[in-house]
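Breakdown of the fold
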Amino acid sequence: MATAAADKAARTEPGEAAPPAASAAHTAEQQAAFDAAVAADERIEPRDWMPDAYRASLVRQIAQHAHSEIIGMQPEANWITRAPSLRRKAILMAKVQDEAGHGLYLYSAAETLGTGRDELLDKLHSGRQKYSSIFNYPTLTWADVGAIGWLVDGAAITNQVPLCRCSYGPYARAMVRVCKEESFHQRQGYESLLALSRGTQAQHEMAQDAVNRWWWPSLMMFGPPDDESSHSEQSMTWKIKRHSNDELRQRFVDICVPQAESLGLTLPDPDLVWNEARGHYDFGPIDWTEFWDVLKGNGPCNEQRITQRRRAHEEGAWVRDAAAAYAAKHAPGSTTRPDTAAQHGEATA
Ligand code: FAQ
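Residues numbered from 1 in each chain as written. Predicted model: local features only at pLDDT ≥ 70, side-chain atom pairs only at ≥ 80, totals over all residues. Heavy atoms only, no water.

The name recorded for the chain in an unreviewed UniProt entry is 1,2-phenylacetyl-CoA epoxidase subunit PaaA, from Streptomyces huasconensis.

Here you go:
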């Protein structure tokens, strides 16, 4: 929050004991400062006062987003060892590493709200927090890597560009970098699919099959229709979200149709048609039963994804322990701090 008055009113003052009436007045003042900051399109920063429900909703969304990034590494990582060339393998490895990096930015953003990474990972592993529905589908052929880049990263960008203007500063700033990297991911996917589409008949068919399987789940990534979206209205009032699920889904469809034409591929929807009056493409009904079923854990790969995630976490325990021991040794005042020269293997005089 930028204004000095708002800043003074909105910052929490730990340990300050006020009588109940004064405290209620203080909270009302803080709420008013928060509302004014949001209305003025200012950023809310970690030390600013914020309503508990705003904090909780941000943690929910950011955690789900972070979990999606790290679970989202799995479907494509499945193809690293089988990439068709060294160039494709190098690109894919870089992309999958980027997704891990996005997870780290997002867990850090959640930490600024007072929720640690351990707690969030525990909630993911025990099924108390979600990750994106899209990552519960299998990657059956190499073309799926291209389809994910084009459609899944494309949908992610469409959703995340407006989040660069999210009212919560650390989330908004993380999104700026994430979106730049996602743009590279989207382009590499498009380029890979284009090569397949213009390749042999079998390669073209493989690209088309991948698009057929990833199109509808990509549209589901934007969340349920607006009239079934429980959080949208409040999130938009708080300017966490800037657009509704249906608005962003429509934007994505409008972007994809001409891109599919350039690729020489068709989108698997017979109802897809330009609507002159609306200035948008109309599209067919989405199978929301499938979406809710995937969210309940019944998608084709839910079990596999979470089992793999838990196993990776357990196998990484020694790395976390070693990093924590190293940090403790180097903490200011540590009595076990090793001699710096000896640590670097240099001879001491
Ligand atoms: N999957 O009231 P709404 C990526 C849940 S990153 C699972 O509309 P909201 C990069 C929702 O949580 C992809 N659950 O919710 C990449 C809520 O349940 P809750 C992730 C979903 O928050 C590419 C309930 O349904 N991106 O792909 C989904 O207002 C390639 C009611 O829904 C983000 O997370 C879903 N698709 O809107 C990585 C972006 N949709 O929490 C690797 C940030 C809804 O009450 C490879 N998030 N639900 O238990 C957002 O923008 C929003 O959270 C939405 C949902 C739009 C996803």
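Don't stop here, the text continues.
Contact geometry for helix 8 (residues 169-197) and helix 11 (residues 245-263): axes closest at 9 Å, N-to-C directions at 40°. On the side of helix 8, the interface is formed by Gln-186, Tyr-190, Leu-193, Leu-194 and Ser-197, while helix 11 contributes Gln-259, Ser-262 and Leu-263. The class makeup of the residues in the contact of helix 8 with helix 11 is four nonpolar, four polar and no charged. (Axes fitted to C-alpha atoms, helices over the stretch in contact; angles between N-to-C directions. Helix = DSSP H or I, 4+ residues; strand = E, 2+ residues; numbered from the N terminus. Contact = heavy atoms within 4.5 Å. Nonpolar A, V, L, I, M, F, W, Y, C, P; charged D, E, K, R; others polar.)

With that settled, the discussion passes to the site of the ligand. The immediate surroundings of the ligand are formed by 36 residues, with Gln-64, Lys-130, Ser-229, His-231 and Lys-241 found nearest. At 2.4 Å, a side-chain N or O of Lys-130 approaches an oxygen atom of the ligand. Its atoms largely coinciding with the cavity grid, the ligand occupies the largest pocket. Of all the elements in the fold, those that place two or more residues in the shell around the ligand are helix 3 (52-71), helix 5 (86-111), helix 7 (143-160), helix 8 and helix 12 (288-298). When residues in the shell around the ligand are grouped by element, the largest group, six residues, is from helix 3. Its residues placed into classes, the shell around the ligand shows 12 nonpolar, 15 polar and nine charged. (Near = heavy atom within 4 Å. Polar contact = N/O pair within 3.5 Å; in protein donor to acceptor, adjacent residues only side chain to side chain. 1 Å grid on protein atoms, 1.4 Å probe; cavity = no way out; pocket = protein on both sides within 12 Å on 5 of 7 lines; lining within 4 Å. Sits in = over half its atoms within 2 Å of the grid points.)

The contact between helix 5 and helix 7 brings their axes to 12 Å, and the two run at 40°. One finds that helix 5 runs oblique with respect to helix 7. The chirality of how helix 5 crosses helix 7 is left-handed. Residues Leu-92, Lys-95 and Glu-99 of helix 5 form the contact with helix 7, whose participating residues are Val-145, Ile-148, Gly-149 and Asp-153. In terms of residue class, the contact of helix 5 with helix 7 is built from three nonpolar, one polar and three charged. (Parallel < 35°, antiparallel > 145°, perpendicular 65-115°, else oblique. Left-handed = near helix turned anticlockwise from the far one by under 90°.)

Residues of helix 12 that are buried: Trp-288, Phe-291 and Val-294. Along the axis of helix 12, the buried residues cluster in a sector spanning 120°; they form a single face. Opposite the packed face of helix 12, turned more than 90 degrees from it, sit the exposed residues Thr-289 and Lys-296. Close packing links the buried residues of helix 12 with helix 9 (201-220), helix 11 and helix 13 (302-315). (Buried < 20%, exposed > 50% of the residue type's maximum accessible area, 1.4 Å probe, protein only. Arc of directions from axis to C-beta.)

Looking now at the packing of aromatic side chains. Counted by the stated rule, this structure contains 11 aromatic pairs. For the ring pair Tyr-54 and Trp-238, a centre distance of 5.5 Å and an interplane angle of 85° mean the geometry is edge-to-face. Here Tyr-54 is found in helix 3, whereas its partner Trp-238 is found in the loop between helix 10 (232-237) and helix 11, with 184 residues between them in sequence. Each member of the pair, Tyr-54 as well as Trp-238, carries the same accessibility label: buried. Geometrically, the ring pair formed by Trp-79 and Trp-142 is edge-to-face, given 6.4 Å between the ring centres and 70° between the ring planes. Within this pair, whereas Trp-79 is found in the loop between helix 4 (73-77) and helix 5, its partner Trp-142 is found in the loop between helix 6 (117-125) and helix 7, the two being separated by 63 residues in sequence. (Phe/Tyr/Trp six-rings, centres within 6.5 Å; stacked < 30°, edge-to-face > 60°.)

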